[in-house]
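Letter by letter, the chains look like this.
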Amino acid sequence: EMMDEKDLWPINKEVWDYLDGNGFHLMSTMYTDLVNNYGKSSSIDEFAQKGQLLGAINSKSIWEVWNYNKLDYGDRFCSGLLFWYHNCSMPQVASRMWDWSLEPTASLYHTANSLEPLHAQFDYLKNTVSVVNDYYREFKDYKVIAQVYDINSKKVFEESAVVNLPSDGVVNYALTSQVHFIKLILKDEKGKDVSSNFYWRSNDKYEGSKTLTGPAASGFEDLSKLKQAKVKLTYKVREDNNNYFVDITLRNTSGQIAFFNQLQFLNSKMSPIRPSFYTDNFFSLMPGEKKTVTIETAKGKLKDGAVLALKGWNINKQEYKLK
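All of the points below concern the structure found in this document. Note that the coordinates shown come from a computational prediction; the quantities given were computed from them, not determined experimentally.

Brief notes about the nonpolar core
Core analysis: the biggest nonpolar cluster contains 60 residues, and Val144, Phe181, Trp200, Leu250, Phe259, Leu263 and Phe265 have the highest contact counts within it. Judged by nonpolar contacts, the second largest core, of eleven residues, contains Met3, Leu19, Val35 and Phe47.

Description of empty space enclosed by the protein
The final tally for this structure, using the stated rule, is two cavities of 30 Å³ or more. For the largest cavity, the calculated volume is near 50 Å³. Here the element with the most residues in the lining of the largest cavity is strand 10 (residues 258–266); it accounts for three residues. Residues of the lining of the largest cavity, tallied by class, amount to eight nonpolar, two polar and two charged. Taken together, Glu103, Pro104, Gln262, Leu263, Tyr278, Asn281 and Phe282 make up the lining of the second largest cavity. A class-by-class count of the residues in the lining of the second largest cavity yields four nonpolar, two polar and one charged.

A word on the sheet that holds strand 4 (residues 155–165)
Spatial ordering of the open sheet is given by 4-3-6-7, a layout of four strands whose pairing is antiparallel. Taken across any chain shown, the strands that pair with only one partner, and hence form the sheet edges, are strand 4 and strand 7 (193–200). Averaged over all pairs of adjacent strands, the angle between strand axes in this sheet comes to 15°, irrespective of strand direction. In the sheet, strand 3 (residues 139–149) pairs with strand 4 via nine bridges, with the strands oriented antiparallel.

Quick notes on the pairing of strand 15 (residues 318–322)
In the sheet, strand 14 (residues 306–311) pairs with strand 15 via five bridges, with the strands oriented antiparallel. Bridged to Leu310 within strand 15 is Gln318.

Definitions and limits used
- Residues numbered from 1 in each chain as written.
- Predicted model: local features only at pLDDT ≥ 70, side-chain atom pairs only at ≥ 80, totals over all residues.
- Heavy atoms only, no water.
- Core = buried A, V, L, I, M, F, W, Y, C linked by side-chain atoms within 4.5 Å.
- Buried < 20%, exposed > 50% of the residue type's maximum accessible area, 1.4 Å probe, protein only.
- 1 Å grid on protein atoms, 1.4 Å probe; cavity = no way out; pocket = protein on both sides within 12 Å on 5 of 7 lines; lining within 4 Å.
- Points joined across faces, edges and corners; volume = space filled by probe spheres on them.
- Helix = DSSP H or I, 4+ residues; strand = E, 2+ residues; numbered from the N terminus.
- Nonpolar A, V, L, I, M, F, W, Y, C, P; charged D, E, K, R; others polar.
- Pairing = 2+ DSSP bridges.
- Axes fitted to C-alpha atoms, helices over the stretch in contact; angles between N-to-C directions.

Set out below in structure tokens:
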């Protein structure tokens, strides 16, 4: 939407840099190299999908480092985090959590996950699991479960630990593991799921801060080897005054991980209906896993019709025309 199609692909560095404050965010250089660590792209659509992966893990890492080092619990004292350059004042190729046209990115949903008040998280460099509690009360006898899956979606490891969460505190080093995909689940004292988290990790060695290396940044070309998964989608539409809701249920009916799925709420011209608010997006589903998502928008936005679309890394795209 921000430039002529001929400048989108192959990347026209002059145009991209102009829309990046003269290359201020390094989108056509460093970030392009990081996207290419997921494999070279053959189209702007493929490049954008891999860019969403990069944005997701980038934001998740920022917030979870803050979680880990909260107050006196981590390697260094941290009482807050300033997130600069949050809103886009013009159309640009660097958009953070949403772009100038209010289209939310994967960064938004992975930030929301990272900042949930009870949160289990994985450290890429230490290979450890921590649990964060932002409530001003203790939680005792909670259980954190770590599951590890290989590139063939085979569960190769599972371990659990009971944790007692201090008020406004962190339990670090709950579990350790060496992984490809990691699914973390936090259960309360009655066994009810209260939090979940998901990571993709390579075996690349981290070569230092001046490099684009490490288990969170490089070595993701093998993601192309993920086998096809199947996700069954059902939905119900409801209205409340001037608001329109789509309640969506998704279930992974295959034996494969359904990786990095995106829901889109589109008009009849297949353009995003904005603003629309998703309770979650850019999520992965383990074999057999079920998930619910609600999309909300204003009824006045539906004059041109509505289409619900689901696409993902290794699933067939699905489209539903809503009535």
